[in-house]
Amino acid sequence: MHNGKARAFTNIALIKYWGKKDQQLILPMNNSLSLTLDAFYTETSVSFSKKYTADSFYLDGQLQDEKSTEKVRRFLDLVREQSQFFEYAIVQSQNFVPTAAGLASSASGLAALAGACNDALGLNLSDKELSRLARKGSGSACRSIYGGFVEWEKGDSDQNSYALPVPSNHWEDELAMIFILINDKAKDISSRNGMQRTVATSTYYTDWVKNVDIDIKKAREAITTHDFQALGEVTESNCLKMHATTLAASPPFTYWTPNSLKAMNKVHTMRQAGQDCYFTMDAGPNVKVLCQKKDSQKIYHELQKEFPAEQLVMAYAGKGMETLET
Ligand SMILES: O=C(O)C[C@@](O)(CF)CCOP(=O)(O)OP(=O)(O)O
C-alpha cells in the first residue's frame, strides 16, 4: 500500500484564466493571477494498492459515480504514466466549505490530489512540478499549490506552463474577500464548457486575449506598490470583460442571475458611498467582494443589509498546498 494525504485551499482569480489553447494538456490562452484564500479547502487522501481492480473516488464520504470520477481517474492515469507505478487507487476527498454546497472548487481538490499522490508515491516533485501536474487535473488547481498571490505563466508547452508565487511582501494578509452566495438556480454551465464555447464562438474573445496581459501588468504593479484601489479596479474590470465574452458566444450565455446583479449593484453603491470594495465573479452566480481587512467587518455588515448572514462568507489570504500525516 502506498498512502498519501494533502490539504489545499481554493483560490480566486483576480485576472481570469478563460480559454484553453490545448484541451488535453490544459494549456491556457492567457496568464492568470489569483489570491489563495483560507475559507475553503479540500483534504484528499489516496492509497494505491495492487489489491484494487479499479480506481474509486469518495467525495465527502460518498462513493462517486463513473462520470464524477472521470476527472480523478484521468488524473491518476497521468500520475501512473509519470511515475511508471501502475496500481489502482482509492481517493477520498473532504471539502471544508462553510455552509453552501457548489462552492468547493476543483482547484483545491485537484491540488490536494496532486500533493497526496506526490506523497504516496514518494515522487519528491518540486512545487513547480506539482503545479504542472495539478494543472493537468484542472487549470486553476495549478495556482493552489502556493498561498497568497499567484500567477500562472501560460507557457506554450506542458513543460513551461505552471504557476509561481507573486512577490508581495505579505500584502495579501491585509486583504479580505467576502463571498456572497447567490442561491438562484443558475444554468449549470461548467467553467470547462463555458470557456470552450467562448473560445470557439465568441466574437469578443480575440479582444479578451489581446487585453488580458495589460491587466496582468496592472495587477502585478498594484501588488508591488500595495495599491488597493488599482488592484480592485483591474480585478472588477477584468471580471466584467471575461463575462462579456460569454454574451457574444453562440449560443450566448451568462453566469449572472438577478441576485448576482443585485450584489454587483450593492458593491457599486457602497463604493460610491466611499467604501473601498470591488467585485469579481467566476463560472457561477456567486459574487466575491475584494476589500481590505481593516474595512472587512464594516463591509460585511453593510452587505448584511441585503443578504442574510448564511449567504456571506468572510475569507482571508490562505496558504499553499501542504502534505498531511496519513
Ligand atoms: O479561476 C479562474 O482563473 C477563472 C475561472 O474560475 C472562471 F470561471 C475558470 C476556472 O477554470 P477551471 O475550473 O480551472 O477549468 P479547467 O481547466 O477546465 O478545469
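Residues numbered from 1 in each chain as written. Predicted model: local features only at pLDDT ≥ 70, side-chain atom pairs only at ≥ 80, totals over all residues. Heavy atoms only, no water.

Chemist: Can you break down the overall build of the protein chain residue by residue, with the values?
Modeler: Scanning the protein chain from terminus to terminus reveals 8 helices and 14 strands. Since a compact globule built from 326 residues should have a radius of gyration of about 20 Å, the 19 Å found for the protein chain is in line with a globular shape. Along the three orthogonal principal directions, the C-alpha set of the protein chain runs to about 65 × 40 × 40 Å. The buried share among the 326 residues of the protein chain stands at 55%. When contacts within the protein chain are restricted to residue pairs at least 6 apart in sequence, those whose partners lie at least 24 apart make up 76%. Counting 36 positive and 38 negative side-chain charges, the protein chain places the centres of these two groups 3 Å from one another. (Helix = DSSP H or I, 4+ residues; strand = E, 2+ residues; numbered from the N terminus. Rg over C-alpha atoms; globule rule 2.2 N^0.38 Å. Buried < 20%, exposed > 50% of the residue type's maximum accessible area, 1.4 Å probe, protein only. Contact = heavy atoms within 4.5 Å. Lys, Arg positive; Asp, Glu negative; His and termini not counted. Charge placed at Lys NZ, Arg CZ, Asp CG, Glu CD.)

Chemist: Before we move on, can you summarise the site of the ligand with the specific residues and values?
Modeler: The ligand sits among 18 residues. The nearest are Tyr17, Lys20, Ser138, Ser140 and Arg192. Within the side chain of Arg143, an N or O atom sits 2.8 Å from an oxygen atom of the ligand. In the model, an oxygen atom of the ligand is placed 2.7 Å from a nitrogen or oxygen of the Arg192 side chain. Burial of the ligand by the protein amounts to 94% of the accessible area it has alone, namely 470 Å². The dominant element in the shell around the ligand, judged by the number of residues it contributes, is helix α4 (residues 191–201), at 3 residues. Residue composition of the shell around the ligand, grouped by class: 7 nonpolar, 5 polar and 6 charged. (Near = heavy atom within 4 Å. Polar contact = N/O pair within 3.5 Å; in protein donor to acceptor, adjacent residues only side chain to side chain. Areas by Shrake-Rupley, 256 points an atom, 1.4 Å probe, with all protein chains shown as cover. Nonpolar A, V, L, I, M, F, W, Y, C, P; charged D, E, K, R; others polar.)

Chemist: Outline the nonpolar core, supporting the account with residue identities and numerical values.
Modeler: Of all hydrophobic cores here, the largest spans 71 residues; its most connected members are Leu33, Val46, Phe48, Phe149, Phe179 and Leu231. The element best represented in this core is helix α2 (residues 106–120), accounting for 8 residues. The two domains that each donate at least three residues to this core are domain 1 (2–171) and domain 2 (174–316). Aside from chain neighbours lying at most four places away, what touches Leu231 is Leu14, Phe149, Trp171, Leu175, Ala219, Ala222, Ile223 and Leu290. Membership of the second largest hydrophobic core comes to 21 residues, among which are Ala176, Val289, Ile299 and Leu312. (Core = buried A, V, L, I, M, F, W, Y, C linked by side-chain atoms within 4.5 Å. Domains from an automatic or database assignment.)

Chemist: Any details on the packing of aromatic side chains? Residues and values, ideally.
Modeler: Under the definition given, this model contains 9 aromatic pairs. Relative to Tyr255, the ring of Trp18 has its centre 6.4 Å away and its plane inclined at 80 degrees; by these criteria the two rings are edge-to-face. In this pair, Trp18 is assigned in the loop between β1 (2–15) and β2 (20–22) and Tyr255 in the loop between α6 (228–247) and α7 (258–272), connecting sequence segments 237 residues apart. The burial state of Trp18 is the same as that of Tyr255; both residues are buried. For the pair Phe253 and Tyr255, a centre-to-centre distance of 5.5 Å together with 90 degrees between the ring planes defines the contact as edge-to-face. Here Phe253 falls in the buried class, since its relative accessible area comes to 5%. Taken together, the ring pairs in this structure connect Phe9, Tyr41 and Phe96 into an aromatic cluster. The ring of Phe307 is capped by Lys262, whose NZ or CZ atom sits 4.8 Å from the centre of that ring. Note that Lys293 overlies the ring of Tyr316, its terminal NZ or CZ placed 4.8 Å from the centroid. (Phe/Tyr/Trp six-rings, centres within 6.5 Å; stacked < 30°, edge-to-face > 60°. Lys NZ or Arg CZ within 6 Å of the ring centre and 35° of its normal.)

Chemist: Pulling in residues and values, what's your account of the domain arrangement of the protein chain?
Modeler: Considered domain by domain, the protein chain is made up of domain 1 (2–171) and domain 2 (174–316). One C-alpha centre belongs to domain 1, the other to domain 2, and the line joining them spans 23 Å. Both sides together, the interface formed by domain 1 and domain 2 hides about 3,500 Å², and carbon and sulfur atoms give 69% of it. The three residues of domain 1 that bury the most area against domain 2 are Lys16, Trp18 and Trp171, which together make up 31% of that side's buried surface. Our count for the contact surface shared by domain 1 and domain 2 stands at 2 salt bridges. Among the ionic pairs, Glu151 bridges to Arg220, the shortest N-O distance being 2.2 Å. For the side of domain 1 that touches domain 2, the secondary-structure elements that each account for two or more residues are β1, β4 (32–49), α1 (66–83) and β8 (149–153). Across the side of domain 1 that touches domain 2, the residue classes tally to 19 nonpolar, 12 polar and 7 charged. (Buried area = accessible area lost by both parts, 1.4 Å probe. Salt bridge = Lys/Arg side-chain N within 4 Å of Asp/Glu carboxyl O.)

Chemist: Give me the state of the cysteines: which residues, what numbers.
Modeler: Put plainly, two cysteines are in a disulfide when a covalent bond ties their sulfur atoms together. Applying the stated criterion to the full structure yields 0 disulfides. Free cysteine: Cys117, not disulfide-bonded; nearest cysteine sulfur from Cys142 at 17 Å. (Disulfide = S-S within 2.5 Å.)

Chemist: Pulling in residues and values, what's your account of the packing of α2 against helix α3 (residues 127–135)?
Modeler: For any two helices packed against each other, one specifies the inter-axial angle together with the distance between the axes. For the pair α2 and α3, interaxial distance at closest approach is 9 Å and the crossing angle is 125 degrees. Comparing the axis directions of α2 and α3 gives the class oblique. Viewed along their axes, α2 and α3 form a crossing whose handedness is right-handed. Facing Leu110, Ala111, Ala114, Gly115 and Asn118 of α2, the residues of α3 in contact are Leu130, Leu133 and Ala134. Here the contact of α2 with α3 is composed, by residue class, of 6 nonpolar, 2 polar and no charged. (Axes fitted to C-alpha atoms, helices over the stretch in contact; angles between N-to-C directions. Parallel < 35°, antiparallel > 145°, perpendicular 65-115°, else oblique. Left-handed = near helix turned anticlockwise from the far one by under 90°.)

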